[in-house]
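# Chains, contacts and geometry: an overview
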Amino acid sequence: MINIGLIGTGTIGKQHLERLHKDIYTNIAKVIGVYSPNSGPFVAKQFGIKAYSSSEELISSDEINAVIICSADEFHYEQVKLCLKYNKPVLCEKPLSQSLDESLDLIKIEQELGKRLISLGFMRRFDPYYIQLKKSIQNKKFGEMLLIHCKHRTTFPPPNSNPSTNAHVSLVHEFDILRWMTNEEFKSVKVYVPNKSAKAGEKLQDPQFFILKSSTDRLYTIESFLSAGYGYDVQCEIVAEEGTYSMPNQVDLLLSTNLNIGHKLPYDWNERFSQAYDDEIRTWILSLYTSNKTDLANAWDGYLTTYIASKCDESRESGKEVVLNIPSTPQFYLKR
Ligand SMILES: NC(=O)c1ccc[n+]([C@@H]2O[C@H](COP(=O)([O-])OP(=O)(O)OC[C@H]3O[C@@H](n4cnc5c(N)ncnc54)[C@H](O)[C@@H]3O)[C@@H](O)[C@H]2O)c1
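Residues numbered from 1 in each chain as written. Predicted model: local features only at pLDDT ≥ 70, side-chain atom pairs only at ≥ 80, totals over all residues. Heavy atoms only, no water.

So, on to the pairing of strand β13 (residues 254-257). Looking at chain direction, β13 and strand β14 (residues 260-263) are connected through four bridges and run antiparallel. Each bridged residue has a counterpart across the sheet, and for L254 the counterpart in β14 is H263. Two successive antiparallel strands, β13 and β14, enclose a turn made up of two residues, where N258 displays a positive phi of approximately 45°. (Pairing = 2+ DSSP bridges. Helix = DSSP H or I, 4+ residues; strand = E, 2+ residues; numbered from the N terminus.)

On to the sheet that holds strand β1 (residues 2-7). One open sheet holds the seven strands; their spatial order is β3-β2-β1-β4-β5-β6-β15, and the pairing between them is mixed. Bordering the open sheet on either side are β3 (50-51) and β15 (297-298), each of which pairs with just one other strand. Direction of pairing for strand β6 (residues 118-120) relative to β15: antiparallel, over a ladder of two bridges. Looking across to β15, one finds that S119 is bridged to N298.

With respect to the helices, strands and loops of the structure, A29 is situated in strand β2 (residues 29-35). As a C-alpha pair, A29 and P163 span 134 residues in sequence and 40 Å in three-dimensional space. Beyond its immediate sequence surroundings of up to four residues, A29 is in contact with M1, I2, I4 and I285. (Contact = heavy atoms within 4.5 Å.)

Inspection of the entire model under this criterion finds 23 salt bridges. Note that R19 and D278 form a salt bridge whose closest N and O atoms lie 3.0 Å from each other. Here the residue R19 occupies a position in helix α1 (residues 11-19), and D278 occupies one in helix α9 (residues 274-289), the gap between them amounting to 259 residues. Of the two residues, R19 and D278, neither departs from the other in class, the shared state being buried. As a salt-bridge pair, R125 and D301 come within 3.4 Å of each other at their nearest N and O atoms. In this pair, R125 is assigned in the loop between β6 and α6 (128-139) and D301 in helix α10 (residues 299-318), connecting sequence segments 176 residues apart. Because the salt bridges share partners, they merge into one network encompassing R125, D176, R179, E185 and D301. (Salt bridge = Lys/Arg side-chain N within 4 Å of Asp/Glu carboxyl O. Buried < 20%, exposed > 50% of the residue type's maximum accessible area, 1.4 Å probe, protein only.)

A cluster of nonpolar side chains, namely M1, L286 and Y289, defines an oily patch on the protein surface of about 290 Å² accessible area. Tracing the sequence through the fold places Y289 in helix α9. A relative accessible area of 41% places Y289 in the partly exposed class. (Patch = residues over 30% accessible without salt bridge, like charges linked within 9 Å, V, L, I, M, F, W, Y side chains within 5 Å. Areas by Shrake-Rupley, 256 points an atom, 1.4 Å probe, with all protein chains shown as cover.)

Among all positions of α1, only I12, G13, Q15, H16, L17 and R19 are buried. Here the buried face of α1 lies against β1, β2, α2 (40-47), β4 (66-69), α8 (269-272) and α9.

Take the sheet that holds strand β10 (residues 219-225) next. What the seven strands build is an open sheet, ordered β12-β11-β7-β10-β9-β8-β16; its pairing is mixed. Edge positions in the open sheet fall to β12 (243-246) and β16 (322-323), since each of these has one partner strand only. Of the strand pairs in this sheet, strand β8 (residues 186-192) and strand β9 (residues 208-214) are connected by six bridges, and their pairing is antiparallel. Counterpart to V189 in the pairing with β9 is L212. Against the sheet, α6 touches β7 (145-153), β11 (233-240) and β12, its axis set at about 10° to β11. (Axes fitted to C-alpha atoms, helices over the stretch in contact; angles between N-to-C directions.)

With that out of the way, let us pick up the domain arrangement of the chain. Along its sequence, the chain is carved into domain 1 (2-93) and domain 2 (140-273 + 298-326). Across the contact, five residues belong to domain 1 and four residues belong to domain 2. Counting each side, the surface lost to burial between domain 1 and domain 2 is near 310 Å², with a carbon and sulfur contribution of 41%. Run the count over domain 1 and domain 2 and you get zero salt bridges. (Domains from an automatic or database assignment. Buried area = accessible area lost by both parts, 1.4 Å probe.)

Summarising burial for β10: six of the seven residues are buried, a large majority. Note: β9 against β10, six bridges, orientation antiparallel. Within β10, the residue paired with F210 across the bridge is I222. Hairpin connection from β9 to β10: four residues lie between these consecutive antiparallel strands, with D217 at a positive phi of about 65°.

Inspection of α2 places G40, V43, A44 and F47 among the buried residues, and these make up the whole buried set. All buried residues of α2 lie within an arc of 105° about the axis, which places them on one face of the element. Away from its buried face by more than 90 degrees, α2 exposes P41, F42, K45 and Q46. Contacts made by the buried residues of α2 are with α1, β2 and β3. (Arc of directions from axis to C-beta.)

Mapping T294 onto the fold places it in the loop between α9 and β15. A polar contact of 3.1 Å, which involves the side chain of T294, links it to the backbone nitrogen of L296. (Polar contact = N/O pair within 3.5 Å; in protein donor to acceptor, adjacent residues only side chain to side chain.)

Structure follows, in structure tokens:
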């Protein structure tokens, strides 16, 4: 039995705590304690588990075998570093860090330890639709893949959003899933800033439009619209030589009422990707028992998504296409 400590009991931290109480985790793992300033003790009481008084107390505890980090972005670096210091496997929600230097520091320490301890919460890799899209690309079912169109629209923007939020907070998921589906790196990005939505508020530049070029000159388009408002709507369409593959919006019951007919859209990431989170966390726990290959994102994947987001900042600010220099994946991070 793996004893897990969870850090950060905000929105996703509580969702993961509830998730880890499902039967699919019985006999393989349980969360035995949490640390979070403010809400930690209250949440610990709700779930009948221990409240630790600091992240270091939790991570260093002999009772804890593995750690899930769901704290706010700016604490991920120091908390992942502590996991490395105390030799604890960690599943950290994205991002690894918003700083490239901090991300590289974690990569350096992990390589010096000679042991892969860091996994990152890029859960789309476990979503059945993305899995099917990846297989369709690899099998060349409709011939060579030529283009990919992604849309990432959300019901509400994250708090304190600014023009960097679209790429750094939201589109890191697109960058990761595109790399994962295509097994290719990007070589350039150009960001377009169309007319701003009146709903975007003062600090957000929303929507934004991104064109990424792959190392083999395929084009990928991404629309990011954080204040779309009407629902959580993530779409992906692959255009190949003889047809297209599109991910449906979440298929639910067909509802007819008040002279309308249609499907309910998910409200947020948890509703849309619930099964993906379950499969991701279960895969992570099982990986702690065996050394089998998994599709979990690692620290290198985390670093690259932050690198690509930083190049998007450069392009948005300069209005120019920006070259990406992505080195080949270090041997240490090639699949187990
Ligand atoms: N994979 C995904 O799809 C996904 C979805 C949502 C959020 N996230 C990531 O999860 C993290 C949390 O997001 P959220 O929406 O739950 O945010 P949130 O603001 O609801 O929760 C953050 C929590 O961190 C706690 N916290 C603050 N300082 C801390 C510290 N030093 N140590 C421990 N905890 C601390 C806060 O008290 C709060 O409870 C973010 O990094 C976010 O990017 C990932």
